[in-house]
Amino acid sequence: MLLSGWVVLTAVERWAEQAPWPGAVRGGLLWACVVAGVWWFAEWTQSPLRTAREAAEDREADASPGPQDGAPYEGEGGSDGEPAEGRRGTSTASRR
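Residues numbered from 1 in each chain as written. Predicted model: local features only at pLDDT ≥ 70, side-chain atom pairs only at ≥ 80, totals over all residues. Heavy atoms only, no water.

Peer 1: Mind laying out unusual backbone geometry, listing which residues take part and the relevant values?
Peer 2: Despite not being glycine, Gln18 has its phi angle at roughly 60 degrees, a positive value. With respect to the element layout, Gln18 can be found in the loop between helix H1 (2-16) and helix H2 (21-63). Using a relative accessible area of 60% as the deciding quantity, one classes Gln18 as exposed. (Helix = DSSP H or I, 4+ residues; strand = E, 2+ residues; numbered from the N terminus. Buried < 20%, exposed > 50% of the residue type's maximum accessible area, 1.4 Å probe, protein only.)

Structure representation (structure tokens):
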């Protein structure tokens with residue numbers, strides 16, 4: 001990354017900025033170090049988070065597959081807080 005950035009940015013300094021070769025080489029190296037440093041920092045800070053997030057999602061998916069048809073889990077109440085046993089579709093005998 002650093003070497004290819006140095007070559008490209010030296011060329012940019014030389015032809016686009018009309019800098020003399022010694023100045024273009026120094027300027028290209030400076031900007032290549034900045035670009036490589038930002039690239040390295042972004043990779044270094046994001047990789048562990050991405051890996052940890054994916055591992056946590058995999059553990060969560062393995063631990064609880066979730067409802068298949070959108071129905072609440074057994075024992076969960078309705079949206080208004082009523083218990084699952086008191087929801088629609090249960091017989092009146094179970095409410096007594």
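Peer 1: Explain a nonpolar patch on the surface to me, using residue names and the numbers behind them.
Peer 2: Residues Leu30, Trp31, Val34 and Val38 make up a contiguous nonpolar surface patch of about 400 Å² in total accessible area. Considering the arrangement of structural elements, one finds Trp31 in helix H2. (Patch = residues over 30% accessible without salt bridge, like charges linked within 9 Å, V, L, I, M, F, W, Y side chains within 5 Å. Areas by Shrake-Rupley, 256 points an atom, 1.4 Å probe, with all protein chains shown as cover. Salt bridge = Lys/Arg side-chain N within 4 Å of Asp/Glu carboxyl O.)

Peer 1: Residue-level account of the packing of aromatic side chains, with values.
Peer 2: This structure, assessed with the given rule, holds 3 aromatic pairs. Ring geometry for Trp40 versus Trp44: centroids 5.4 Å apart, planes at 10 degrees, classification stacked. With Trp40 and Trp44 both in helix H2 and 4 residues apart, the pair spans about one turn of that helix. The class for Trp44 is exposed, based on a relative accessible area of 54%. Ring geometry for Phe41 and Trp44: centres 6.4 Å apart, planes at 45 degrees, overall tilted. Remark: Trp44 and Phe41 occur in helix H2; sequence separation between them is 3 residues, near one turn of the helix. For Phe41, a relative accessible area of 47% puts it in the partly exposed group. Among the aromatic residues, ring-to-ring pairing joins Trp40, Phe41 and Trp44 into one connected group. (Phe/Tyr/Trp six-rings, centres within 6.5 Å; stacked < 30°, edge-to-face > 60°.)

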